[in-house]
Amino acid sequence: MSLNSNFNTGLREAGCDEAGRGCLAGPVFAAAVIFPYDYKNPLLNDSKQLSHRQREQLREQIIRDALAYGIGEASHQEIDAINILKASWLAMQRAIEKLQPPPEVLLIDGNRFKTTLPIPFHCIVKGDAKLLSIAAASILAKTSRDDFMYQLHQSFPHYGWNNNKGYPTEEHRSAIAKHGISPWHRRSFQLLPEQTLFDN
């Protein structure tokens, strides 16, 4: 099923999505994308439905075709300080602030959003499976975060971040139990079921 090109607001629309909310380590990333009106790309889909190779190919197409795109992040310290939901919104706002030309309306994946930006917005549940701009934002956020976690993996190889990207896999949690937590872990998250944490 092909995704819709526009939400039909009649305004310059920016799709927004995040990646990494459920991870135990690292920042949460977000992206915002403005496409030309009536843009088409039959390959674009929710990043979770695509392979790594497909996401990388589409990232190049999105960057090439977008009128504007922005990528933002909120650190693991910010996540611990204000909670993951508010940090996701903060990362989205940082991505939106990079858009030139600026958007006239925001299309947010999910059911809630708060921002200090004076731009109207619509929250769209499962928007990354409905609208091209949100799907594109999901791909940019996901690939940018994956790149970041792969770089962290070079310094902390025992957590397997090149594979799990910080998500709570059995491999990741076993490494936390064995090696303790890294400086990049989110201390406000339940890193182990029994919460047996050891500082390095």
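These numbers come from a predicted model, not from an experiment. (Residues numbered from 1 in each chain as written. Predicted model: local features only at pLDDT ≥ 70, side-chain atom pairs only at ≥ 80, totals over all residues. Heavy atoms only, no water.)

Undergrad: Just checking my understanding: could you explain the packing of helix α1 (residues 52–65) against helix α4 (residues 132–155) for this structure?
TA: The N-to-C vectors of α1 and α4 enclose an angle of 120°; their axes lie 9 Å apart at closest approach. Judged by the angle between their axes, α1 and α4 are oblique. As for the relative orientation of α1 and α4, their crossing is left-handed in sense. From α1, R55, E56, L58, R59, I62 and I63 reach across to α4, where they touch A136, I139, L140, K142, T143, S144, D146 and D147. Here the residues of the contact of α1 with α4 are counted per class, giving 6 nonpolar, 2 polar and 6 charged. (Axes fitted to C-alpha atoms, helices over the stretch in contact; angles between N-to-C directions. Helix = DSSP H or I, 4+ residues; strand = E, 2+ residues; numbered from the N terminus. Parallel < 35°, antiparallel > 145°, perpendicular 65-115°, else oblique. Left-handed = near helix turned anticlockwise from the far one by under 90°. Contact = heavy atoms within 4.5 Å. Nonpolar A, V, L, I, M, F, W, Y, C, P; charged D, E, K, R; others polar.)

Undergrad: Please explain unusual backbone geometry as it appears in this structure.
TA: Omega for the peptide link from Q100 to P101 comes to 5°, which places this bond in the cis form. By the element assignment, P101 lies in the loop between α3 (84–96) and β4 (105–109). Positive phi, normally seen in glycine, also occurs at D38, with a value near 65°. Take D38: it is sitting in the loop between β2 (28–34) and α1. Taking the relative accessible area as the measure of exposure, D38 reaches 41% and is therefore partly exposed. Within the chain, K126 stands out as a residue other than glycine whose phi angle is a positive 55°. Examined against the element boundaries, K126 turns out to sit in the loop between β5 (121–124) and α4. (Buried < 20%, exposed > 50% of the residue type's maximum accessible area, 1.4 Å probe, protein only.)

Undergrad: Help me understand α1, please; the structure alone is not making it clear to me.
TA: Because each turn of an α-helix spans 3.6 residues, side chains separated by three or four positions end up pointing in the same direction. The first and last C-alpha atoms of α1 sit 20 Å apart over 14 residues, in line with the 20 Å expected at 1.5 Å per residue. For α1, the complete set of buried residues consists of R55, L58, R59, Q61 and I62. (Expected span 1.5 Å × (residues − 1).)

Undergrad: Any chance you could explain the packing of aromatic side chains here in plain terms?
TA: Between two aromatic rings, the relevant description is the distance of the centres plus the angle of the planes. As enumerated under the stated definition, the model contains 6 aromatic pairs in all. Seen in terms of ring centroids, F29 and F148 are 5.7 Å apart; in terms of plane orientation they differ by 55°. Their pairing is tilted. Of this pair, F29 sits in strand β2 while F148 sits in helix α4; the two residues are 119 residues apart in sequence, bridging distant segments of the chain. Residue classification places F148 among the partly exposed positions, given a relative accessible area of 23%. Summarising the aromatic geometry, the rings of F148 and W184 are spaced 5.6 Å apart at their centres and angled 70° between planes, so their arrangement reads as edge-to-face. One end of the pair, F148, is in helix α4; the other, W184, is in the segment after α6 (170–179), and 36 residues separate them in sequence. Taken together, the aromatic side chains of F29, F148 and W184 make up a single cluster linked through ring pairs. The side chain of R186 reaches across the aromatic face of F189, ending 5.1 Å from its centre. (Phe/Tyr/Trp six-rings, centres within 6.5 Å; stacked < 30°, edge-to-face > 60°. Lys NZ or Arg CZ within 6 Å of the ring centre and 35° of its normal.)

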